[in-house]
Structure formats: structure tokens, C-alpha cells
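Summary of structural features
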Amino acid sequence: HEYQEIPNNWLYKRTNPTVSEMIADFPDKTRVNMVFDRISDERPPNFPRLLHEYGSIAKISFEPKDGNNFTGLYGEGNEFGIIRVTFCAPFDGERSGQRVPFAFAAKFFRDGIHSSNIPTCEGPDREWNGRDPKGFSLFQHVLHTSSIIPPPIDVFFANAQNGTGPLSIADNTWYTQNGTAVEDPLSPLIIHFFPNDALNTKDAYEEDFRKELPAIPVNTTLYTAYTPVDEDGEPTICICHSTPNGEIPCFNPESLAGTCNLVELGSIVSRSQFIHSDYGDNGVLFKHYRSCQEDRKYCEYNQPIPEIDSTFTKSTNPNGTCVSRRRVDNYETCPFSDADNAIEGMELVDDSSEYCSTPNEHELEKMCPFAQALHPSFSSSGVPYPISNDEHLRSCEILGTTTSADGNTTTTNALAPQFPVVSIACCRVINEYFDETTQEMALQSLCNMDNCYSQFELAFPEVELETECAQVDPMPECKFGLQAGPSTIPINLGFVTEDCCAAAQTHASGGDGLTVICEDLGCIIAYESLFMQGQAFANPGSTDTLEDVCMAMEVERMEDDMAGNSTTEAEEEETNGGIMLRSGSVLAVLLVAFLPFVL
């Protein structure tokens, strides 16, 4: 089934349908339950992929780390697995100026029973978002077993489970490779797969990862799996942000390594070369598991289910079908039992099996309470992710400036070799504090950011920060929501003037606010990051920064003054119109930042 030529009609490259249109055209939306309720290693007939059309597939094994207390796959390993690498999101990365996020799904076979499966994707605070060719390397990015599904795809997957993003991986710990049930299973709640950095050997990579993967040697470690545990060694989900509405897990490698108690579970090792095949793309099914399992039962008959109706059959028992309360209107009745749907000669043998794959799966599953404690953006359709990009945690280098004898200024790690894991905004503010040109504005933010203030005092006790802050006039924190289709993106520019905040909100929404922004250096610095996201869509070929644009506007104004002419309305529109961050473009930013997760 290996392709003679790699298909390149990627879903995300198509220009005619939007994601919403593709979902609207997808037949029988309840069939999305297939990835949850079909107990098979193969996809049903006539079931096209909505996402992840093409990928690369290889044989793998899972090599467990000695000494971890987890059971099943993570305790004893598995020699017989396959992995399929693909993209998460259905959008055109080149047109949007962004990198399409990566994902993989793994499957491990067990004797006489259903296989174990691990679906993953990048998190909502992924790195290397732009078009830097080095970021196209699959092995730059940590992948996770739970993440966020953005609109409108979250509405589609809400047909299958209450929690659209969190998935369970507990089934992997309930059985050994030989199919024996584990007496007292211990399951991780979430797994973070750190890539093998040794595979990043080039400065530039093909965006189409399928051209890169076949070069990976057999018997190479691809990923190492880690899971967080609490102080008692019990499985948990490591939290980086707490909000009034729920918790936000850690996702990026720096916050995971810097704030979480991680236990190594083992490694995924390649046991063949990667290939690209029709069967890998359209034949293999990677099952998903709900974090809060639905009521399910297996209805068994006296003969095999007809192929056209076999979407929810077990590969080990073709005479039955899995019924979940989520999928059917009348859960109490088995299919084909009424006159309208009866099949000649088919009789119900037994409808008493209150599970589809594993006895006591409700009692064994421990993920549900943790999933329910997360922010609703992880579990409910239409709820925006509440953390802006600047609030994500990263390790922070504090850079100082030194001036050489010839007057040239160079940047060095003069002040501190490494600062603790803090928000991106905090790291930026502290670096700006130690820059004379931006110190005054940075002090305004630093004095109002409680957590950053305390981190600064611990790292730099010689600075009399309390005294300096007593002399600062307070400014309001600039927060607003940017509408993107059906959702709202949270924006936080930090502590700026009210005029700056209003102008930034106007310009980010498609209006003309640059004149006010460009008159305030602090406002330019605060708005720069959001401005550059808009540039990626409005002027994808432009490398101009906000400072460049403001300087060009000032030069044009001075030339007009010298010529005695005022800038016409048309010229202003030409100057400002091309760099407006249009709300329609923001949806693509949302798709990139909030990562769909399903495979």
C-alpha cells in the first residue's frame, strides 16, 4: 500500500472550503463517536478523515524506564507498536504565516484483546509559531495526550464527549502485552512526550515532514515520555495557571521542567523506517478514550453485523455493536430490534454486557475528576482559552548591556545566568527594567505585577524595588478581548495609558489607532507583539516592525509638512490599511494558538 508518489492534496492546503464548511458537509456528525466506540485497529468502510489526512507511519516499541510504578504499557513495555505522525490543524500555514502544529498517534498490540492507543498533539502555548524552517522539525516540539480543541472543531467533537480536549490514557495500564488484566493498575493522567533533540541536526527542514522522516535510522529513540506526580508519588496534572473558572495545565517544556515533578515512563523507539502508505492514512484506526466515559454496552447478535452497519463492531467479535449513550437517542434498546431497522434473520443473543472494551471501565478510570477541574476551554465548546500569549511561562534569561572601549554595545548575561520560570511578560519587563531607555515604563509594569515583583525581589535583593515603586504613578492594566469568529481571544498589553489601550484595541480590531500608538514609546513596546501577529496576515511578506512603521509615518508627515501639504485621507488609508490586524485574520491565529487535538 506504499504510495509511489507522496500525495500533496493536503486538507489544510485546500482553498475552497473553510473549516466550518467542511464540518457542515461531513455526513452524520454522530459518527465522530467512531474513534471512541469502535473497538478495532482498522477504520470502518466509507469513513473519510476530517483531519490528519496524510502522515508517515513506522513500527515502534515502548521501552519502559526501570523503577516507575505505573503498570501495563508503562510498566513492562511493548515490542509491537506503530506510530503515525501527522499535522493537527486544517489550515494553510503558508498563507497565514504560521507553522501548522504537529501530532502523532501510537498503537501497541496486545494478545487476544483490543490494542492500546496514545493520541497526542502540541499544546496551546506551543513555540516556533512562525515560518522559521528550523521550526518545521518535528523533533523541536513536545506533544501531549490532552490539549485544547478550538472552535469550530470543538462543536463537532462535542458530539462524542463532554470534555472535548482531555483524553484518557488509562486503558494502556489495564493489561499487559500478553493480554493479562492488571490486578491493581496505576495510570498516568497526562503524558508529555519530549522529542529526541539529537534528531535536530539541520538549520532548515522541509515543511512536509514526510520528506524528512525516512532518513531516521531504525532503532532510534523518537520520544521520551514523562508524567507529573504529586508529593506522594500519585498521578496528577501539573498546573501552571489557576483561574476563577478552572485550572490551566503546563504544556511547554520549560514550564514542565521548571515547575512540575515529572517521572520518566520510558521511550518510544523506532523499529522500522517511516513510510507513507494508503493503508497508514486510510486503513489504520487509532482509538481515543473519553476522560469521562459514557455509559456503554455491547449488543451481540446471532450473526455478523452487515459491513455497512459495522462502524461500531469489535474486530474480535463481528457479531455485535458498541452502543454509547452519547451516540443513540434510545440507549435502552439495541439496534436492529424494532421493525423499522430489523435485519432478516438477525436476532439479539445478549444485551447484558455493560461495557464495550473493558469490564468495570467506569471504576478503573481516574481521569474524570481532574478533567472536570480544568478551565471550561478544555471541556466545553465555544469557551475561549483564557491565557494570553504573554502569560505563558518560560525560563527567563536576564540580559544586561556592556559597552566596549570603541563604544559598541553588546548584550551579555551580565546580571544573572538564569531567572526562574516566569511569564513571558514578566521576563520582558525585567529585561526592560535593566535597559535605561525603557526602565521607566518597565518599572510601571513591574510594580503592578505581584508575582513578577516577588520573583524580582528574590533574584535581585540589592535593588530597592519597594522604594522605587512608591514613586511610580499607577497605570491601568490593558486587557481586552479580540473577536475571532465565534470566539474571543484574550489580550493583555500590560500597564499602559488609557489612550494607548484604547488605540491598541481600535487598531487590533481593524480600525486606525496607529497615530496614537506611535506617539508613545511605551505603547509601541507594549503593542509590538500583537502588531507582528497582524503583519503575518495583512502583509505576510513584510519584515517591518511596529517601530519601522511608526518611523515611516513620521518621515512621511515631516515631508508633507515641508511640502506644505497635509496627508490625504487616501494616503492615510494606504499607509495604515495594509497593516491593520483584521478580525477575520485573527481566526487563523486562534487555530494556531489553541491547537486542535484529535487524530
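Residues numbered from 1 in each chain as written. Predicted model: local features only at pLDDT ≥ 70, side-chain atom pairs only at ≥ 80, totals over all residues. Heavy atoms only, no water.

Looking at the sheet that holds strand S7 (residues 221–228)
Heads up, the rule is: Here a strand pair is declared whenever DSSP counts at least two bridges between the two strands. Helix and strand assignments follow DSSP, with helices taken as H or I runs no shorter than four residues and strands as E runs no shorter than two, numbered in order from the N terminus.
Judged by pairing direction, the sheet is antiparallel, and its 8 strands sit side by side in the order S4-S3-S2-S1-S10-S7-S6-S5 without closing on themselves. Looking at the sheet topology across the chains shown, the edges are occupied by strand S4 (116–119) and strand S5 (143–144). Sheet topology note: the strand S6 (residues 192–195)/S7 ladder contains 4 bridges and is antiparallel. Paired with Phe193 across the two strands is Ala225, which belongs to S7.

Examining the confidence of the model for the chain
Heads up, the rule is: On a scale of 0 to 100, pLDDT captures the predictor's confidence in every residue. We call two residues in contact when some of their heavy atoms are within 4.5 Å.
Across the chain, pLDDT averages 82, with 83% of residues at or above 70. Contacts for the low-pLDDT stretch residues 409–417, under 50 throughout, to residues beyond four places or in other chains number 24 contacts. Low pLDDT (under 50) marks residues 573–599, which in the prediction has 109 contacts with non-local residues, meaning those over four places away or in another chain.

Here we look at the packing of aromatic side chains
Here a ring pair, both rings aromatic, is described through the centre-centre distance and the interplanar angle of the planes. The cut-off we apply is this: Aromatic rings from Phe, Tyr and Trp, taking only the six-membered ring of Trp, are treated as a pair when their centres fall within 6.5 Å; an angle between ring planes under 30 degrees marks them as stacked, one over 60 as edge-to-face, and anything in between as tilted. Buried residues are those whose accessible area, probed at 1.4 Å on protein chains only, stays under 20% of the maximum for their type, while exposed residues exceed 50% and partly exposed ones sit between those limits.
Per the counting criterion, the structure on display carries 20 aromatic pairs. Taking the centre distance of 6.4 Å and the plane angle of 90° together, the rings of Phe193 and Tyr223 count as edge-to-face. Taken as a pair, Phe193 in strand S6 and Tyr223 in strand S7 lie far apart in primary sequence, 30 residues in all. What makes Phe193 buried here is its relative accessible area of 0%. Under the relative-accessibility criterion, Tyr223 is labelled buried at 1%. Between Tyr433 and Phe456, the ring centres sit 5.3 Å apart and the planes meet at 80°, which makes this aromatic pair edge-to-face. Taken together, the residues span a long stretch of sequence, with Tyr433 in helix H10 (residues 424–433) and Phe456 in helix H12 (residues 450–459) at a distance of 23 residues. Owing to a relative accessible area of 4%, Tyr433 belongs among the buried residues under this scheme.

Topic: the side chain of Glu528
The condition that has to hold: Polar contact criterion, stated in full: a pair of N or O atoms within 3.5 Å, where within protein one must be able to donate a hydrogen and the other to accept it, and residues adjacent in sequence count only if both atoms are side-chain atoms.
Tracing the chain through its elements places Glu528 in helix H16 (residues 521–538). Among the polar contacts made by the side chain of Glu528, one reaches the main-chain amide nitrogen of Leu546 at a distance of 3.1 Å. Here Glu528 is in contact with Thr545, Leu546 and Glu547, once residues within four sequence places are set aside.

Comments concerning the side chain of Asn78
Looking at the secondary structure, you find Asn78 in strand S2 (residues 78–87). Taking relative accessible area as the criterion, Asn78 reaches 4% and is therefore assigned buried. Beyond its immediate stretch of four places on either side in the chain, Asn78 contacts Ser61, Phe62, Leu73, Phe108, Phe109, Arg110 and Gln177.

Regarding the pattern of salt bridges
Under the convention used in this document: Think of a salt bridge as a Lys or Arg side-chain nitrogen and an Asp or Glu carboxyl oxygen that are within 4 Å of each other.
Here the structure, examined in full by the defined rule, presents 18 salt bridges. With a shortest N-O distance of 2.9 Å, Asp37 and Arg290 are connected by a salt bridge. Of the two residues, Asp37 sits in helix H2 (residues 34–37) while Arg290 sits in the loop between helix H7 (278–282) and strand S11 (296–301), which places them 253 residues apart along the sequence. Just as Asp37 is buried, Arg290 falls in that class too.

Notes on the packing of H10 against helix H11 (residues 439–448)
Packed helix pairs are characterised by how far apart their axes lie and by the angle those axes make with each other. To be explicit about the condition: Note on geometry: axes are C-alpha line fits, over the in-contact stretch for helices, and angles between N-to-C directions span 0 to 180 degrees. For classification, angles of less than 35 degrees are called roughly parallel, those exceeding 145 degrees roughly antiparallel, those between 65 and 115 degrees roughly perpendicular, and all remaining angles oblique. The handedness criterion is simple: a crossing whose near helix is rotated anticlockwise from the far helix by less than a right angle is left-handed, and one whose near helix is rotated clockwise is right-handed. Classes in brief: Ala, Val, Leu, Ile, Met, Phe, Trp, Tyr, Cys and Pro nonpolar; Asp, Glu, Lys and Arg charged; the others, Gly included, polar.
Relative orientation of the contacting elements H10 and H11 amounts to 140°, with a least axis distance of 8 Å. Considering their axes alone, H10 and H11 lie oblique with respect to each other. Relative to H11, H10 is oriented so that their crossing is left-handed. Here Val429, Ile430, Glu432 and Tyr433 of H10 come into contact with H11, specifically with Gln439, Met441, Ala442, Leu443, Ser445 and Leu446. Of the residues assigned to the contact of H10 with H11, the class counts are 7 nonpolar, 2 polar and 1 charged.

Things to note about the layout of surface pockets
Quick note on the threshold: Method remark: on a 1 Å grid restricted to protein atoms, a set of points is classed as a cavity if a 1.4 Å probe fits but cannot get out and as a pocket if it is open with protein on both sides within 12 Å along at least five of seven lines; lining residues have an atom within 4 Å of a point. Grid points are joined across faces, edges and corners, and a volume is the space filled by probe spheres set on the points.
Taken as a whole, the second largest pocket spans an internal volume of roughly 640 Å³. The wall of the second largest pocket is formed by 33 residues, among which Glu391, Ser423, Met449, Glu477 and Asn492 lie closest to the centre. Residue assignment for the lining of the second largest pocket shows that the elements contributing at least two residues are strand S8 (239–243), H10, H11, H12, strand S16 (477–484), strand S17 (487–495) and H16. It is H10 that contributes the most residues to the lining of the second largest pocket, 5 residues altogether. Counted by class, the lining of the second largest pocket contains 17 nonpolar, 9 polar and 7 charged residues.

Thoughts on helix H17 (residues 546–563)
Condition: Multiply 1.5 Å by the residue count of a helix minus one, and that product is the helix's expected span. Think of the arc as the fan of directions from the helix axis to the C-beta atoms.
With 18 residues, H17 extends 26 Å from end C-alpha to end C-alpha; this agrees with the ideal 26 Å at 1.5 Å per step. Taken as a whole, H17 has its buried residues at Leu546, Val549, Cys550, Met553 and Asp560. In an axial view of H17, the angular spread of the buried residues amounts to 100°, which keeps them on one side of the axis. For H17, the exposed residues lying more than 90 degrees away from the buried face are Met551, Met562 and Ala563.

Let's talk about the state of the cysteines
This is how the line gets drawn: Whenever a pair of cysteine sulfur atoms sits within 2.5 Å, that pair is classed as a disulfide.
For the structure on display, the rule yields 12 disulfides. Between the sulfur atoms of Cys88 and its disulfide mate Cys121 the distance is 1.8 Å. Here Cys121 lies in the loop between S4 and S5 and Cys88 lies in the loop between S2 and helix H4 (93–96), a separation of 33 residues in the sequence. Here Cys518 is linked by a disulfide to Cys550, with a sulfur-sulfur distance of 1.9 Å. Across the S-S bond linking Cys518 and Cys550, the dihedral sits near -75°, which makes this disulfide left-handed. Taken together, the positions of Cys518 in helix H15 (residues 514–518) and Cys550 in helix H17 put the pair 32 residues apart, joining distant regions of the chain. Relative accessible area serves as the criterion here: at 21%, Cys518 is assigned to the partly exposed category.

Overview of unusual backbone geometry
Phi at Asn219 takes a positive value of approximately 70°, unusual for a residue other than glycine. Of note, Asn219 is situated in the loop between S6 and S7. A relative accessible area of 51% means that Asn219 is categorised as exposed. Residues other than glycine seldom take positive phi values, yet Asn360 does so here, at roughly 60°. In this fold, Asn360 is placed in the loop between strand S13 (348–353) and helix H8 (361–364). According to the relative accessible area criterion, Asn360 is exposed, its value standing at 53%.

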